[in-house]
Amino acid sequence: MTFKHFILIIISFLLLVGVWFLLPVDLELARKIPAFFATISMISMALAMVISCRPKWIEPLVGGMDKAYIWHKWLGIFGLIGASFHWMLVPGPAGNALDPQFAEMGEEVGQWAMYGLLLLGGVSMVKQIPYRIWFYTHKLMGPIFLISVYHTFFSDVPFELFSVTGAALVIVSLIGSVSWIYKTFMKPKQYRAYQVTEVNPMDDAVEVLMKAEGESIQYHAGQFAYLDFGFDRVEHFHPFTITSAPEVIAASNAASAKNKGTGQQLSFVIRGLGRHTKELQSRLKVGLPVTVDGGYGRLHAKKKANKPQVWIAGGIGITPFLAWIRSWKESDQPVHLFYVGRGSLYSLMLEKVGHLIGSKRIVLHKQHSGSERLTAETMCSKLELDIKQYQWFACGPTPMLMSLKSQLVEKGMKTNQWHNENFSMR
């Protein structure tokens, strides 16, 4: 357990204690325990609703939108657990309904909200269920939260509305409800319209170039964006790494932007790994409209100007480094890029990487055969400095990254030298 994990456990414990003492002091234990679980569920669901809006201000707090979705996942789990225990333990009406005429309906809708939460929670946890089914059913979480709010205030509850407990639950309910309203009706106004200008097949992947039809997104090299190609009747976003370099913002704003630029022209390399990405291989065509939301990710923020770097890429994991190579400047620190893969796509990407590197101070290390495995021993033998002198950035299959990180730690690398992103959105 790291020090960061220990601090997180302590903070979580203190928050749980705070929730317990937030409830009415004179409340009997048989009602206080289920009320405690219900409050945990409401807080967790409200915070998950906030994260689902993909607010950019949250990225520095959690280390990137990829990390935010890990929080989103666990908040959803805590919300489901809290609601389940509340449902199983609640003894019955408490006699404090906001309006007795609505109390019976409040209890009934609470039951249905619980059934819906159990169903959608099960869909979220079973990875074998297709992403598309998960995506569409997940949209019902907002209405279920609103039903839970109705249940909280219009059923027989063990607190008074005009009390500390009532005020706190009003705030939590407002946070979750406003987040859902914002995501549903206001967030789409921040999306940017693009049009596909070029499609280049690359074995089982495709490189797609697109141009903004109006205002473009702003992003840092190495960030990702959510793309909706409009194949479905409702919005259907998937995250993909931007492989193009951002265009420099006007000089007067460059210092404050910290290398952030506009994306009038965007490029992506998308490999057919799932149903949606395989569908893209055949359905992408010039002129296709694309809705873009981005950029997201904090991998760029970890880079230190005075530290040499090691980049590790596996297969399609080369994509963020394509953007970094394109945006590389003479003043940047030297880089060692270790790239492994297999098949025709790997050969095509190697050719592209080699062309982009040119005379830049980036040393490309490639595997000599498909059976050759990348190891910490191999990488360290290629480096001029001690392992502790480098920053390590990685993108690729999770088992490969976990293995390499473990090997490097054994050789003396500190865990805070290692940086990678997590693209699991469910």
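Calculation notes
Residues numbered from 1 in each chain as written. Predicted model: local features only at pLDDT ≥ 70, side-chain atom pairs only at ≥ 80, totals over all residues. Heavy atoms only, no water. UniProt positions renumbered as here; feature names shortened; annotations may be inferred. Helix = DSSP H or I, 4+ residues; strand = E, 2+ residues; numbered from the N terminus. Buried < 20%, exposed > 50% of the residue type's maximum accessible area, 1.4 Å probe, protein only. Contact = heavy atoms within 4.5 Å. Areas by Shrake-Rupley, 256 points an atom, 1.4 Å probe, with all protein chains shown as cover. Lys, Arg positive; Asp, Glu negative; His and termini not counted. Charge placed at Lys NZ, Arg CZ, Asp CG, Glu CD. Pairing = 2+ DSSP bridges. Salt bridge = Lys/Arg side-chain N within 4 Å of Asp/Glu carboxyl O. Polar contact = N/O pair within 3.5 Å; in protein donor to acceptor, adjacent residues only side chain to side chain. Phe/Tyr/Trp six-rings, centres within 6.5 Å; stacked < 30°, edge-to-face > 60°. Core = buried A, V, L, I, M, F, W, Y, C linked by side-chain atoms within 4.5 Å.

Under an unreviewed UniProt entry, the name given to the protein is Ferric reductase-like transmembrane domain-containing protein, and the source organism is Vibrio gallaecicus. Quoted verbatim from the Subcellular location (unreviewed entry) field of the UniProt record, the comment on the protein reads "Membrane".

### Details of the overall build of the protein
Along the protein, the regular secondary structure elements total 14 helices and 14 strands. Along the three orthogonal principal directions, the C-alpha set of the protein runs to about 75 × 50 × 50 Å. Across the 426 residues that make up the protein, the buried fraction comes to 47%. The contacts in the protein between residues at least 6 apart in sequence include a share of 76% that link residues at least 24 apart. For the protein, the accessible area works out to roughly 21,900 Å², and carbon and sulfur atoms hold 62% of it. Here the protein holds 42 positive side-chain charges and 31 negative ones, and the gap between their average locations is 7 Å.

### A short note on the pairing of strand β9 (residues 289-296)
Counted residue by residue, β9 has 6 buried out of 8 residues, so it is predominantly covered. Here strand β1 (residues 192-202) pairs with β9 via 4 bridges, running antiparallel. Considered in β9, the bridge of R192 is made with V292. Strand direction decides the pairing type here: strand β4 (residues 224-228) and β9, joined by 5 bridges, are antiparallel. Looking at β9, one finds that L227 is bridged to V292.

### Some points on helix α11 (residues 319-326)
Most of α11 sits inside the fold, with 7 of its 8 residues counted as buried. Those residues of α11 lying buried are T319, P320, F321, L322, A323, W324 and I325.

### Let's talk about the side chain of E421
Tracing the chain through its elements places E421 in the segment after β14 (418-420). Here E421 sits buried without a salt bridge, and the closest side chain of opposite charge, K67, lies 5.9 Å off (N-O distance). At a separation of 3.3 Å, a polar atom in the side chain of E421 contacts the main-chain amide nitrogen of R298. Among residues more than four places away in sequence, those in contact with E421 are D66, K67, G222, F224, G297, R298, L299 and A394.

### Describing the packing of aromatic side chains
In total, this model carries 19 aromatic pairs according to the counting rule given. For the pair W20 and F36, a centre-to-centre distance of 5.6 Å together with 65° between the ring planes defines the contact as edge-to-face. Here F36 lies in helix α2 (residues 29-52) and W20 lies in helix α1 (residues 3-22), a separation of 16 residues in the sequence. On the numbers, 6.4 Å between centres and 40° between planes, the contact of Y69 with Y226 is tilted. Residue Y69 is located in helix α4 (residues 65-89), and its partner Y226 is located in strand β4; the two are separated by 157 residues in the primary sequence.

### A few points about the environment of V363
Here V363 shows up in strand β12 (residues 362-366). For V363, a relative accessible area of 38% gives the class partly exposed. Taking the C-alpha atoms as reference points, V363 and K382, 19 residues apart in sequence, are found 9.8 Å from one another. The residues touching V363, leaving out its near neighbours within four places in the chain, are V335, H336 and L337.

### With respect to the UniProt feature "transmembrane region" (unreviewed entry) in the protein
UniProt's entry tags residues 7-27, 33-51, 71-89, 109-126, 133-153 and 159-182 with the feature "transmembrane region" (unreviewed entry), counted in the numbering of this structure. As a span, residues 33-51 carries 100% helix and 0% strand, and end to end its C-alpha atoms are 27 Å apart. For the annotated span residues 109-126, helix accounts for 94% and strand for 0% of the residues, and the straight-line distance between the end C-alpha atoms is 26 Å.

### Observations regarding the nonpolar core
Core analysis: the largest hydrophobic core is formed by 27 residues, its most contacted members being W311, I318, F321, I325, L337, M349 and I362. Among the secondary structure elements, those contributing two or more residues to this core are β10 (309-314), α11, β11 (335-340), α12 (343-357) and β13 (391-395). The biggest single contributor to this core is α12, with 7 residues. Core analysis: the second largest hydrophobic core is formed by 22 residues, V206, A212, Y219 and V292 among them.

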